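Structure assessment
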Amino acid sequence: MMAEPLKNYFSHEVVGQIGAIFKRADAAFDDAQYMALATDNLEALELKERVLQVMDALDATLPSDFDAFADRVLASMHESEDASGQGLSFDGRGVCGFAAWPVTDLITRRGIDVPEKALPVLKEATKRFTAEFAIRRFLIEHQNYTLSVLNGWVEDPNRHVRRLVSEGTRPRLPWGLRLQDFVADPTPIMPFLAALRDDREDYVRRSVANSLNDIAKDHPDLVGGLAGDWLKGANAERERLLRHACRTLIKSGHAKTLKAFGYVGDGKIECDLKVLTPAVAYGDALEFGVELSGNLAGKAVMLDYAIHFVKANGSRAPKVFKWKDTSATSNTLVASKRHAIKPITTRRYYPGEHLVEIWVNGVSVASAPFILTMQEQAA
């Protein structure tokens, strides 16, 4: 059974519950006008269009004065200060979860010119639904002031507020406005990440890791060096954070990052690669084995492989796959792998000579060809 489209969350019922909440907060709220505006042609709208329409309806019916508007918004919020995780659950007792999305966006629309008034409201809103998207315009238009406010939230007792500090400042937050200043120079947000790296909540630490992964895309040496510093005396939670933060750098074989995690061999590593299936039929599997030799005993070994797939024009393009992350007990390491060549939605296969390549600690050590034969794929 297919999942129901997310846009259907903003149904007539939920839109009506939002209006009822504001009506309870203010008897003068014109819920009839709100409903007429919020539900106009609702079924024809996509998710973001529905969010925007509900926001516009609230904008048209809530007080124009920001202080009065903020009072109504705060009065409408769910009583729980840990309701951000409600997601698609909505009990109608107060705005929270996805139902708060139009509200957080409206706080930004109404309050972008008065950040000193708007940011405290967003702080309360993020406890009910993340304000990581809503706060980004403040970081763009009032960067220094917003950073000073966030600095005071780093030690907030509410985990959602602490997470907003790291998630809201992510330079490349998916679906969010890109913070180009921090893409170019992440220095202003680095103290936040350092302060939150050992947060008691994995929820917050994972946000720190994702921000560092963003930064690594533009400043790999910065994050690789930071990993080396933060790993000194690190507990298991911090090491997990850094592995997640450096996942892209590790996969790409970034030298400074690999060194930070101890993936350094002394001397040349020899690799005897044997392709056990030199001809693979589409739907079967490529099988190969390796024997590594060198000064490996007691060393961290990260073993990956890449398959250079034939493209439509006959050229080849590599795709890297994780394999083993282990510690060698001797100067030799033997491993074997079976990689299925089967239908997937993200790849179309073409016949011809492919290549399998072996990587050890970010260094290519061997490669060998294999032939892919196939019947015609379904379009």
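Here goes a summary of the coordinates provided. Given the structure is predicted, the values throughout are model-derived calculations rather than measurements.

Here is what the cut-offs are and how they apply
- Residues numbered from 1 in each chain as written.
- Predicted model: local features only at pLDDT ≥ 70, side-chain atom pairs only at ≥ 80, totals over all residues.
- Heavy atoms only, no water.
- Pairing = 2+ DSSP bridges.
- Helix = DSSP H or I, 4+ residues; strand = E, 2+ residues; numbered from the N terminus.
- Axes fitted to C-alpha atoms, helices over the stretch in contact; angles between N-to-C directions.
- Parallel < 35°, antiparallel > 145°, perpendicular 65-115°, else oblique.
- Contact = heavy atoms within 4.5 Å.
- Nonpolar A, V, L, I, M, F, W, Y, C, P; charged D, E, K, R; others polar.
- Left-handed = near helix turned anticlockwise from the far one by under 90°.
- Expected span 1.5 Å × (residues − 1).
- Buried < 20%, exposed > 50% of the residue type's maximum accessible area, 1.4 Å probe, protein only.
- Salt bridge = Lys/Arg side-chain N within 4 Å of Asp/Glu carboxyl O.
- Polar contact = N/O pair within 3.5 Å; in protein donor to acceptor, adjacent residues only side chain to side chain.

Examining the pairing of strand β7 (residues 352–360)
Along a regular strand, successive side chains alternate from one face of the sheet to the other. When strand β4 (residues 300–310) meets β7, the two strands line up antiparallel, connected through six bridges. Residue pairing for β7: Ile-307 is matched across the bridge by Val-356. In the sheet, β7 pairs with strand β8 (residues 363–373) via nine bridges, with the strands oriented antiparallel. Directly across from Trp-359, in β8, lies its bridge partner Ser-364. Taken together, β7 and the strand that follows it, β8, pair antiparallel across an intervening segment of two residues, in which Asn-361 is found at a positive phi of about 50°.

Examining the packing of helix α12 (residues 202–218) against helix α13 (residues 220–230)
Remark: α12 packs on α13, axes separated minimally by 6 Å, with the N-to-C direction vectors making an angle of 135°. Considering the angle they form, α12 stands oblique to α13. Residue-level contacts link Leu-212, Ile-215, Ala-216 and Asp-218 of α12 to Pro-220, Leu-222, Val-223, Leu-226 and Trp-230 of α13. Across the contact of α12 with α13, the residue classes tally to eight nonpolar, no polar and one charged.

Considerations on the packing of helix α4 (residues 66–76) against helix α5 (residues 101–111)
Interaxial distance between α4 and α5 falls to 11 Å at its minimum, and their mutual angle equals 165°. Classified by the angle their axes make, α4 and α5 are roughly antiparallel. The two elements α4 and α5 cross, and the hand of that crossing is left-handed. For the pair α4 and α5, contact is made by Phe-66, Phe-69 and Val-73 and by Val-103, Leu-106, Ile-107, Arg-110 and Gly-111, respectively. A breakdown of the residues in the contact of α4 with α5 according to their chemical character gives six nonpolar, one polar and one charged.

Thoughts on α12
The terminal C-alpha atoms of α12, which comprises 17 residues, lie 25 Å apart, in line with the 24 Å expected from a rise of 1.5 Å per residue. Most of α12 is tucked away, with twelve of its 17 residues classed as buried. Within α12, burial applies to Val-204, Arg-205, Ser-207, Val-208, Ala-209, Asn-210, Ser-211, Leu-212, Asn-213, Asp-214, Ile-215 and Ala-216. Check the buried side of α12 and you find it contacts α9 (159–168), α11 (190–196), α13, α14 (236–245) and α15 (247–252).

Here we look at the pattern of salt bridges
Taken as a whole and assessed by the stated rule, the structure comprises 31 salt bridges. Between Asp-56 and Arg-109 there is a salt bridge, with its nearest N and O atoms 2.9 Å apart. Of this pair, Asp-56 sits in helix α3 (residues 47–61) while Arg-109 sits in helix α5; the two residues are 53 residues apart in sequence, bridging distant segments of the chain. One salt-bridge network, held together by shared partners, links Glu-132, Arg-163, Glu-167, Arg-170 and Asp-214.

Brief notes about the side chain of Arg-128
As for its placement among the helices and strands, Arg-128 is situated in the loop between α6 (115–125) and α7 (136–141). A distance of 2.9 Å separates a polar atom in the side chain of Arg-128 from the backbone oxygen of His-78.

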